[in-house]
Amino acid sequence: MKKVIVLILVFVMVILLGFNNKSKLKENDEEELRAIFISYIELSKYVKNQDVNTSKRNIEAMINNISILGFNTVIVQIRSFADAIYESTIYPWSSTVAKTEGENPGYDILDYFIKIAKEKNILLYAWINPYRVRSSGNVVSEKSPAFKYLGTDFLYEDEGLYFNPSKQEVEDLIVDGVLEVINNYLVDGILFDDYFYPNQDLDYLDYLNYLENNDYISFDDYHLMIINKMVKRVHDVCREKKVLFGISPDGNIDNNYKKVFADVKNWLSSDQYVDFIMPQVYYGFFNETQAFKNVIDSWDSLIVNSDIKLYVALGFYKVGTLDKYAKSGEMEWINNSNVIMREIILARNLKYYKGFSLFRYDYLFNDDLKTATTMLEIENMKKILN
């Protein structure tokens, strides 16, 4: 009888230990994402107008700097203006890496970024602007998929040039572009930024045509539906290829609905749209209208699908500068040299937090953009990255 009791006790202990080990694994199985954005601005500086060897060395230096600082992810802008920094049959070579749009820069920029990142155990997320063709002007090369739409309602022209989201051909173009990347390159994730609808009225005729064949919905709801349809399709192809897909929307939740029609509440309550969300919380603690803590708490509370990861994008570009939209908090980034550190610490307490990203590379590593507090801010941040 005693042997039976002992065996039962041992069995119970094994089960309990198993549960404890599973609990520990669950808590520790995911490394905090620590990412730095490399935008088309950095690409224009370090890759464009350089000979191949120099541009490759510059890429190596960027990845090395990111690794040494203790970061594990780089977010590279691979398509900023309906173009590509990789070999594409859909988009022309980007003028951010080549002398002119469509001209081969001499090697595959994305492929080399991936190669060097993998050597340093750095994840690479491919950052795409889905609708922007130009931020200023309307000149595009004949190789651009936008060229055949010039002068039509497929494009919206104001200070820049943007695809009309309501056109099915535009949606197909975006999805095919993502599929080309994930089929040909070992990227760890796809990230869309916060540019969706550039204008609220550009697709009014499309909306009227929709109403002729469907039940009534408001014009705003039509916009939200159009973007949701595109986002879901992109998520579907990424999921099929086992590549993470996420979006980096405006940190101001209301702006997503009032300005660009990004349905973030819907995305975060479903498993159909995103694997992660990376809101641009480029605010300080003393921002009068968008205080950092209030904003991150709001984003965390929006997440209903617990599988969605929350990565908080932080505005390192504000370090040491006047934050004029913060009103009474405008001096915060000048008077303090530990804002980023404190923001990371606070964000780590969120229920769905899985990491953070810094915008952008040059504000940490380019001497021309460093402020008096840059190095102090970096040193303070490093204290919590060990």
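Residues numbered from 1 in each chain as written. Predicted model: local features only at pLDDT ≥ 70, side-chain atom pairs only at ≥ 80, totals over all residues. Heavy atoms only, no water.

> Explain the packing of aromatic side chains residue by residue, including any values.
Across all of its chains, the model carries 25 aromatic pairs by this definition. Both rings, one in Tyr207 and one in Tyr222, keep their centres 5.4 Å apart while their planes meet at 55°; by these two values the pair is tilted. Here Tyr207, found in helix H6 (residues 204-213), pairs with Tyr222, found in helix H7 (residues 219-240); they are 15 residues apart in sequence, far enough to count as distant. By the burial criterion, Tyr207 is buried, and Tyr222 matches it. With centroids separated by 5.4 Å and ring planes inclined at 45°, the aromatic side chains of Phe276 and Tyr311 adopt a geometry described as tilted. Of this pair, Phe276 sits in strand S9 (residues 276-277) while Tyr311 sits in strand S11 (residues 309-314), and the two are 35 residues apart along the sequence. Connected via pairs of aromatic rings, a cluster forms that spans Phe37, Trp127, Tyr282, Tyr317, Phe359 and Tyr363. One cation-aromatic arrangement involves Lys56 over Tyr107; the distance from NZ or CZ to the ring centre is 5.1 Å. Lying over the aromatic face of Tyr257, Lys265 brings its terminal NZ or CZ to 5.4 Å of the ring centre. (Phe/Tyr/Trp six-rings, centres within 6.5 Å; stacked < 30°, edge-to-face > 60°. Helix = DSSP H or I, 4+ residues; strand = E, 2+ residues; numbered from the N terminus. Buried < 20%, exposed > 50% of the residue type's maximum accessible area, 1.4 Å probe, protein only. Lys NZ or Arg CZ within 6 Å of the ring centre and 35° of its normal.)

> Describe in detail the layout of surface pockets, supporting the description with residues and values.
Here the largest pocket is characterised by a volume of approximately 460 Å³. Asp250, Tyr282, Tyr283, Tyr317 and Lys318 are, among the 16 residues lining the largest pocket, the residues nearest its centre. For the lining of the largest pocket, the residue count by class is 5 nonpolar, 7 polar and 4 charged. (1 Å grid on protein atoms, 1.4 Å probe; cavity = no way out; pocket = protein on both sides within 12 Å on 5 of 7 lines; lining within 4 Å. Points joined across faces, edges and corners; volume = space filled by probe spheres on them. Nonpolar A, V, L, I, M, F, W, Y, C, P; charged D, E, K, R; others polar.)

> Describe the pattern of salt bridges, and please don't skip the residues or the numbers.
Counted by the stated rule, this structure contains 18 salt bridges. For Lys229, the salt bridge goes to Glu171, with nearest N and O atoms at 2.8 Å. Within this pair, whereas Lys229 is found in helix H7, its partner Glu171 is found in helix H5 (residues 168-184), the two being separated by 58 residues in sequence. Residue class for Lys229 comes out partly exposed when judged on its relative accessible area of 33%. For Glu379, the salt bridge goes to Lys382, with nearest N and O atoms at 3.4 Å. With a gap of 3 residues between them, Glu379 and Lys382 both fall in helix H14 (residues 374-382), about one helical turn apart. Exposure remark for Lys382: the relative accessible area of 32% places this residue in the partly exposed category. In this structure, a network of salt bridges that share partners links the residues Glu171, Asp172, Lys229 and Arg233. (Salt bridge = Lys/Arg side-chain N within 4 Å of Asp/Glu carboxyl O.)

> Quick one: what's the story with the pairing of strand S7 (residues 189-192), residue by residue and with numbers?
Residues Gly189 and Leu191 line one face of S7 and the alternating positions Ile190 and Phe192 line the opposite face, and both faces are buried. The sheet contact formed by S7 and strand S8 (residues 244-247) spans 4 bridges and is parallel. Within the sheet, the bridge partner assigned to Leu191 lies in S8 and is Gly246. (Pairing = 2+ DSSP bridges.)

> Lay out helix H8 (residues 253-260) with the relevant residues and their values.
When H8 is considered as a whole, its buried residues turn out to be Ile253, Asn255, Asn256 and Val260. On an axial view of H8, the arc spanned by its buried residues comes to 165°, and they lie on one face. Residues of H8 that are buried make contact with H7, helix H9 (264-267) and helix H10 (292-302). Among the residues of H8, the N-terminal cap falls to Asn252, whose side-chain oxygen and the backbone nitrogen of Asp254 are separated by 3.0 Å. Positive phi appears at Phe261, one or two residues downstream of H8, with a value of about 65°. (Arc of directions from axis to C-beta. Contact = heavy atoms within 4.5 Å. Polar contact = N/O pair within 3.5 Å; in protein donor to acceptor, adjacent residues only side chain to side chain.)

> So what's going on with a nonpolar patch on the surface? Residues and values would help.
A contiguous nonpolar surface patch, about 300 Å² in accessible area, is contributed by Tyr204, Leu205 and Leu208. Along the chain, Leu205 falls in helix H6. (Patch = residues over 30% accessible without salt bridge, like charges linked within 9 Å, V, L, I, M, F, W, Y side chains within 5 Å. Areas by Shrake-Rupley, 256 points an atom, 1.4 Å probe, with all protein chains shown as cover.)

> Give a detailed account of the sheet that holds strand S6 (residues 161-163), specifying residues and quantitative values.
Strand order in this open sheet of 3 strands is S4-S6-S5, and the pairing throughout is antiparallel. Unpaired on one side and paired on the other, strand S4 (132-134) and strand S5 (155-157) mark the two borders of the sheet. Taking each pair of neighbouring strands and ignoring which way they run, the sheet shows an average axis angle of 25°. As defined by bridge partners, S4 adjoins S6 across 2 bridges and the pair is classed as antiparallel. Each residue of the ladder has a partner; that of Arg134, found in S6, is Leu161. (Axes fitted to C-alpha atoms, helices over the stretch in contact; angles between N-to-C directions.)

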